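A structural walkthrough
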Amino acid sequence: NAPCVLTRGEGAYVWDVDGNRYVDWGMGLCSVVLGHAYGPVLDAVRRQLALGANFCRPCNLELEFAELMADLIDSAEMVKFGKNGSDVTAGAVRLARAHTGRDRIAICRQHPFFSFHDWFIGSTSANAGIPAFERELSLLFDYNDLGSLESLFKRHPGEIAAVILEPVAVEEPRDGFLQAVIDRAHREGALVILDEMITGFRWHLKGAQHLYGVRPDLCTFGKAIANGFSVSVVAGRRDVMELGGIHHGKPKVFLLSATHGAEAHALAAAIAAVGEMKVRDVVGHLWRVGGEVQAGIKSAAAELGIADFVDMIGFPCRPGLVTR
């Protein structure tokens, strides 16, 4: 009895075309952490819309948001904006290939979606339309299994440009796995890209990389960063990121350039949303409320005698419902 078409949202609730109200479990595919139609964010958007939405030269908000991200994220020496996660993970992969002069990408098998671009989709079962040579460049390894990654480096010596994974999804990294991945990749001359599209501003305000004490070469953020508005970020080491600029003597990387790439109202939304998350304990609230949801559903399932068939997995800040 899930709704087919929604008409509006407010806070944690959405309404369908028949006027029924629902608690919104998905919250804009994890992008709305402050609630639908959150006042301070909408106020910032309205103010900017009155000043213009899109320009052909850089907007002052680009600098403001770039400085905010560089100050907040430990590994962000430079940043570049996109509109969605696929943009910035593809940008990170392109930077890694340019920096290393290599073509292959090692992708974590347990993390289901990094991009709709060929470099990732070619590794999935939905790979129709992807050239065979592109599919062959994508290699898969397993989370919390360093040996599976090491075997890729042994089979393809000097060919892997980057390792890409989420810092954490459902399973906690064990035995220093994230740092071990970084150390191994660096010994092989490869970069590490942490995709924090989901974990960013949900596990910790400074990203899961800060929570687990690791520093990737490149990282990507989006979703919660603008409370549902379309903003994404690729960030990382200056010597890698600057390949997407023009002030160097190396071959230039066409990083990210799109007509709507830096819409001013979306950047205003991001600045306001991150600002709210900095002054309010939004991340702590997500952990607390998610924990209550997990405990409540587990308790209800136990009382009904269906605990073997209905369960909660994942972390309180991003709980997952399992039915068997």
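All of the points below concern the structure found in this document. Given the structure is predicted, the values throughout are model-derived calculations rather than measurements.

The next point concerns unusual backbone geometry. Glycine aside, negative phi is the norm for most residues, and most peptide bonds take the trans geometry. With phi around 55 degrees, L29 is a residue other than glycine that occupies positive phi space. One non-glycine residue, K223, lies in the positive phi region at around 45 degrees. Following the sequence through the fold, K223 ends up in the loop between β9 (218–221) and β10 (232–236). The partly exposed category is assigned to K223, whose relative accessible area is 26%.

We now examine empty space enclosed by the protein. With a probe scaled to a water molecule rolled over the atoms, the places where space remains empty come into view. Taken as a whole and judged by the stated rule, the model has one cavity of 30 Å³ or more. Forming the boundary of the largest cavity are F81, G82, K83, S230, V231, G261, A262, E263, A266 and L267. Elements that contribute at least two residues to the lining of the largest cavity include exactly β4 (78–82) and α11 (264–279). Taken together, the residues of the lining of the largest cavity sort by class into five nonpolar, three polar and two charged.

Here the focus is the sheet that holds strand β3 (residues 21–23). With respect to topology, three strands assemble into an open sheet ordered β1-β2-β3, the strand pairing being antiparallel. One side of each edge strand has no neighbouring strand; the edge strands of this open sheet are β1 (6–10) and β3. Within this sheet the neighbouring strands show an average axis-to-axis angle of 30 degrees, counted without direction. Summarising the sheet, β1 and strand β2 (residues 13–16) pair through four bridges and their orientation is antiparallel. Within β2, the position partnered with L6 by the bridge is D16.

Glancing now at the packing of aromatic side chains. Counted by the stated rule, this structure contains nine aromatic pairs. Three or more aromatic residues joined by ring pairs make a cluster, and in this case those are F113, F114, W119 and F120. In this structure, R8 is placed above the aromatic ring of W15, and the distance from its NZ or CZ to the ring centre is 3.7 Å. Cation over ring: R21 sits above Y13, and NZ or CZ is 3.9 Å from the ring centre.

Moving on, we get to the environment of V41. Inspection of the secondary structure assignment puts V41 in helix α2 (residues 39–49). With a relative accessible area of 2%, V41 lands in the buried category. In the structure, V41 is positioned 233 residues away from V274 in sequence and 9.6 Å away in space, judged by C-alpha atoms. For V41, the residues in contact, after removing those within four places along its chain, are L34, A226, N227, F229, A269, A272 and A273.

Moving on, we get to the packing of helix α3 (residues 60–72) against α11. In the contact formed by α3 and α11, the axes pass within 9 Å of each other and the chain directions differ by 35 degrees. For α3 against α11, the interelement crossing comes out left-handed. Along its contact with α3, which presents L61, E62, E64, F65, L68, D71 and L72, the element α11 presents A264, L267, A268, A270, I271, V274 and K278. Split by residue class, the contact of α3 with α11 holds 10 nonpolar, no polar and four charged.

Reading the values: the criteria
Residues numbered from 1 in each chain as written. Predicted model: local features only at pLDDT ≥ 70, side-chain atom pairs only at ≥ 80, totals over all residues. Heavy atoms only, no water. Helix = DSSP H or I, 4+ residues; strand = E, 2+ residues; numbered from the N terminus. Buried < 20%, exposed > 50% of the residue type's maximum accessible area, 1.4 Å probe, protein only. 1 Å grid on protein atoms, 1.4 Å probe; cavity = no way out; pocket = protein on both sides within 12 Å on 5 of 7 lines; lining within 4 Å. Points joined across faces, edges and corners; volume = space filled by probe spheres on them. Nonpolar A, V, L, I, M, F, W, Y, C, P; charged D, E, K, R; others polar. Pairing = 2+ DSSP bridges. Axes fitted to C-alpha atoms, helices over the stretch in contact; angles between N-to-C directions. Phe/Tyr/Trp six-rings, centres within 6.5 Å; stacked < 30°, edge-to-face > 60°. Lys NZ or Arg CZ within 6 Å of the ring centre and 35° of its normal. Contact = heavy atoms within 4.5 Å. Left-handed = near helix turned anticlockwise from the far one by under 90°.

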